[in-house]
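Chain and residue survey
For reference, the chains in residue letters:
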Amino acid sequence: KAELVISVAGQRPCIIANTATGITRWLKTVSEHALIAMESTGNYHAFLAQLAYLHGLTVYIFNARDVFYYARALGSRAKTDNIDAEVIVRYLQGHQSSLQAWQPFTPLATTVASTVVASRSSDHSPERFTPGLYRRGSIRCRYPSVATWI
């Protein structure tokens, strides 16, 4: 995606460029106590998550399916980036106490994840994941024997 739709509670969504310059410029305007939440969208969210984390902000990454069903429960029938951004804000506001903030993988976990991905690339499995995009601990469900020494 060339652009990101940003929604701040109580304000209309805005659009920024999905580039290092665009994201960094926007992050400089964000309060140091702000919470950054986004939908997991393939790899499109990864750059924003990494930069926000490096700026010292608390980052949450939501499963796109959870956001979809939450929007549906709110009665939203349309699906646009602006609506999604506003739904993500509402989801964060309503569930923050039960959510775990995202953290990038440690270097060791990234190496292990890359190895797992490389070893699975020949089986065309839909269960592949991209290293470095998920919070620490998420690997435990699918790869418990690997996670015990990470």
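Below you will find a few notes about this structure. (Residues numbered from 1 in each chain as written. Predicted model: local features only at pLDDT ≥ 70, side-chain atom pairs only at ≥ 80, totals over all residues. Heavy atoms only, no water.)

Ranked by size, the top nonpolar core spans 16 residues in total, and within it Ile-23, Trp-26, Leu-27, Ile-36 and Val-59 carry the most contacts. Of all the secondary structure elements, the ones that give two or more residues to this core are β1 (3-6), α1 (20-27), β3 (35-39) and α2 (46-54). With four residues, α2 is the single largest residue contributor to this core. Leaving out residues up to four positions away in the same chain, Ile-36 has contacts with Trp-26, Val-30, Ala-52, Leu-57, Thr-58, Val-59 and Tyr-60. (Core = buried A, V, L, I, M, F, W, Y, C linked by side-chain atoms within 4.5 Å. Buried < 20%, exposed > 50% of the residue type's maximum accessible area, 1.4 Å probe, protein only. Helix = DSSP H or I, 4+ residues; strand = E, 2+ residues; numbered from the N terminus. Contact = heavy atoms within 4.5 Å.)

In this structure the tally under the stated criterion is four aromatic pairs. Note on Phe-68 and Tyr-69: the rings are 5.1 Å apart at their centroids and 75 degrees apart in plane angle, and the pair reads as edge-to-face. What makes Phe-68 partly exposed here is its relative accessible area of 36%. Geometrically, the ring pair formed by Tyr-70 and Tyr-91 is edge-to-face, given 4.9 Å between the ring centres and 90 degrees between the ring planes. In this pair, Tyr-70 sits in helix α3 (residues 64-73) while Tyr-91 sits in helix α4 (residues 81-95), placing the two residues 21 residues apart along the sequence. One exposure class covers both Tyr-70 and Tyr-91, and it is buried. (Phe/Tyr/Trp six-rings, centres within 6.5 Å; stacked < 30°, edge-to-face > 60°.)

So, on to α1. Looking at α1, one finds that the buried residues are Gly-22, Ile-23, Trp-26 and Leu-27. Summarising the axial view, the buried residues of α1 lie within an arc of 125 degrees, below the 170-degree limit, and thus occupy one face. As for α1, its buried residues are in contact with β1, β2 (14-17), β3 and α2. (Arc of directions from axis to C-beta.)

Next up on the list: the packing of α1 against α2. In contact at an axis separation of 10 Å, α1 and α2 are set at 40 degrees when each is read in the N-to-C sense. Between α1 and α2, the interaxial angle falls into the category oblique. α1 and α2 meet at a crossing whose hand is right-handed. Counting all contacts with α1, which are made through Ala-20, Ile-23, Thr-24, Trp-26 and Leu-27, the residues of α2 involved are Phe-47, Leu-48, Leu-51 and Ala-52. (Axes fitted to C-alpha atoms, helices over the stretch in contact; angles between N-to-C directions. Parallel < 35°, antiparallel > 145°, perpendicular 65-115°, else oblique. Left-handed = near helix turned anticlockwise from the far one by under 90°.)

Just geometry here; none of it tells us what the structure is for.
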